[in-house]
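Architecture at a glance
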Amino acid sequence: MNNSIALEIKNVGKTYKLQDSNSLKALDDITFNVKQGEIFGLLGPNGAGKSTLINILGGTVIKSQGLVNVWGFDLDLNPRQVRASIGIVPQEVNVDPFFTPKKLLDIQAGMYGVAKKDRITDKILELTSLTDKADSYMRSLSGGMRRRLLLAKAMVHQPPILILDEPTAGVDVDLRQKLLENVKELNNQGVTIILTTHYLQEAEELCDRIAIINHGKIVALDKTENLLSEIHLKKIKFKVKNFKNIGDKLDDHLKIEYLKNNQISIKYDKTISNVEDIIFKIKEKGLEIEDIMTEDADLEDVFIKLTKNL
Ligand code: ADP
Ligand code: MG
């Protein structure tokens, strides 16, 4: 395997057996690599198969097909080395209520066989901004702190790869920002990061490359900026003098969104529509334009476009 590759997923499939001999194909022939030092995003709606893939890496779900190689180790042949090479922050937040963060991290380090002298508990607490809470009872920790504690837990054996499954789901805005900063900081220190999210903005903000997964299949995979520019969507915003409802479409291709401050926004495909045409149609509806702003599409547009027809 190429040295610079941190994770290799090749033709991986997972079919869950359900009751009454039914089955559900959660992953269908997934193939991608993650490079060392990257922040890689696995982006997709709920039920897309993200957690299934993460849980295969974590060993709690057994794949039905394919090959997984983590940091040079084959999952089927060297599961222990694979486990040592990754830290997983699971989607579900459940932390043992009886221990303080510091104690919990010590126990975890013990479970991974990290010698006392090699433990970096204080450093991890600091990195995850939990130093103040090191000796507090778990019940005094907010949801965001508990999530950061899960991140801390995943780091005790200093794995070169950290995998975060929906790290900010259910976390409030401030703590979300804090958590993302923690992730960036870890990446700056050389840790390869893989995260799943259904928050497009998060992937856009953080990730070097993004794979979009839908119904168990990869539907797009590229550098974040390429993913955005590949798609021809653009957005134009109008501030109008006489704000009023003119329906939800200007024509078959032009969807209208009503914003605050007398603004409306229209997404268009630059291969189909042009600005002049849009302005004409707006005026035709009797709106008086005060100001015009254009912007490129964000990932949300890309995402909708890619997952719509599947
Ligand atoms: P995501 O994390 O992207 O929301 P999941 O991997 O959790 O998606 O789920 C993918 C699909 O597999 C969903 O349809 C889900 O209902 C199903 N699924 C997940 N876990 C199990 C399981 N243990 N048994 C049966 N079906 C499952
Ligand atoms: Mg999930």
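Notes on the structure follow. Bear in mind that the values here come from a model prediction, so they are computed numbers and not experimental data. (Residues numbered from 1 in each chain as written. Chains lettered and ligands numbered in written order. Predicted model: local features only at pLDDT ≥ 70, side-chain atom pairs only at ≥ 80, totals over all residues. Heavy atoms only, no water.)

**Focus on the overall build of the chain**
Quick note on the threshold: Each helix is a run of DSSP H or I of at least 4 residues and each strand a run of E of at least 2, with the numbering of both proceeding from the N terminus. Relative accessibility under 20% of the residue-type maximum defines a buried residue, over 50% an exposed one, and the middle range a partly exposed one, all with a 1.4 Å probe and only protein chains included. By definition in these notes, contact holds between two residues if any of their heavy atoms fall within 4.5 Å.
Regarding its fold elements, the chain presents 10 helices and 15 strands. Oriented by its inertia axes, the alpha-carbon framework of the chain measures out at about 75 × 45 × 45 Å. Looking at the chain as a whole, 45% of its 310 residues are labelled buried. The contacts of the chain with a sequence gap of at least 6 include a subset with a gap of at least 24, amounting to 68%.

**Considering the nonpolar core**
As a rule of thumb, soluble globular proteins bury nonpolar side chains together. Quick note on the threshold: What makes a nonpolar core is a set of buried Ala, Val, Leu, Ile, Met, Phe, Trp, Tyr and Cys residues whose side-chain atoms join them at distances within 4.5 Å.
Among the nonpolar cores identified, the biggest contains 43 residues, and Leu149, Leu151, Leu162, Leu186 and Ile193 are the most heavily contacted of them. Among all residues touching Leu151, those that are not within four sequence positions of it are Val89, Thr128, Leu162, Leu164, Leu179, Asn182 and Leu186.

**Quick notes on the coordination of the magnesium ion (ligand 2)**
Note the threshold: Shown as donors are all N, O and S atoms within 2.8 Å of a metal ion, widened to 3.2 Å for Na, K and Ca; because water is not in the atom set, sites may appear incomplete.
For the magnesium ion (ligand 2), the full set of protein donor atoms is Ser51 (OG) and Gln91 (OE1), at a range of 2.1 to 2.2 Å. With Ser51 in helix α1 (residues 50–58) and Gln91 in the loop between β6 (86–89) and α3 (101–111), this residue pair connects regions lying 40 residues apart in the sequence.

**Details of the pattern of salt bridges**
Stated precisely, the cut-off is as follows: Put simply, a salt bridge is a Lys or Arg side-chain nitrogen that is within 4 Å of an Asp or Glu carboxyl oxygen.
Counting across every chain of the model gives 11 salt bridges. We note a salt bridge from Glu38 to Arg209, for which the minimum N-O separation is 2.5 Å. With Glu38 in the loop between β2 (23–35) and β3 (39–43) and Arg209 in strand β9 (residues 209–214), this pair connects stretches of sequence that are 171 residues apart. Take Glu38 and Arg209: they sit in the same class, and that class is buried. Asp122 serves as the salt-bridge partner of Lys102, at 3.3 Å between the closest nitrogen and oxygen. Residue Lys102 is found in helix α3, and its partner Asp122 is found in helix α4 (residues 121–127); the two are separated by 20 residues along the sequence.

**Thoughts on the pairing of β2**
This is how it is decided: Two strands qualify as a pair provided DSSP detects at least 2 bridges between them.
Bridge count for strand β1 (residues 5–17) against β2 is nine bridges, and the pairing is antiparallel. Bridging from a neighbouring strand, Thr15 pairs with Lys25 of β2. Hairpin remark: β1 followed by β2, antiparallel, with five residues in the connecting loop; positive phi at Asp20, about 55 degrees.

**Re the layout of surface pockets**
Test applied: Detection works on a 1 Å grid of protein atoms alone, calling trapped sets that fit a 1.4 Å probe cavities and calling open sets with protein on both sides within 12 Å along at least five of seven lines pockets, with lining residues defined by an atom within 4 Å of a point. Grid points are joined across faces, edges and corners, and a volume is the space filled by probe spheres set on the points. Polar here means any residue other than Ala, Val, Leu, Ile, Met, Phe, Trp, Tyr, Cys and Pro, which are nonpolar, and Asp, Glu, Lys and Arg, which are charged; Gly is therefore polar.
Approximately 550 Å³ is the volume found for the largest pocket. Gly58, Thr60, Ile88, Pro90 and Tyr112 are, among the 22 residues lining the largest pocket, the residues nearest its centre. Listing elements by their share of the lining of the largest pocket, those giving two or more residues are α1, β6, α3 and α5 (143–154). The element best represented in the lining of the largest pocket is α1, accounting for five residues. For the lining of the largest pocket, a count of residues per class yields nine nonpolar, nine polar and four charged.

**Here we look at the site of ligand 1**
Cut-off, in case you're wondering: If even one non-hydrogen atom of a residue comes within 4 Å of a molecule or strand, that residue is called near it. A 3.5 Å cut-off defines polar contacts: any pair of N or O atoms within that distance qualifies, except that in protein one atom must be a possible hydrogen donor and the other a possible acceptor, and neighbouring residues in sequence count only when both atoms are side-chain atoms. Working definition of accessibility: Shrake-Rupley area with a 1.4 Å probe, residue cover restricted to the visible protein chains.
Residues in contact with ligand 1, as listed here, are Tyr16, Leu18, Leu24, Ala26, Pro45, Asn46, Gly47, Ala48, Gly49, Lys50, Ser51 and Thr52. One of the backbone N or O atoms of Ala48 is found 3.2 Å from an oxygen atom in ligand 1. A distance of 2.8 Å is found between an oxygen atom of ligand 1 and a backbone nitrogen or oxygen belonging to Ser51. Relative to its free-state accessible area of 560 Å², ligand 1 is covered by the protein chains to the extent of 62%. If you list the elements that add at least two residues to the shell around ligand 1, you get β2 and α1. Among the elements that make up the shell around ligand 1, the one with the highest residue count is α1 (three residues).

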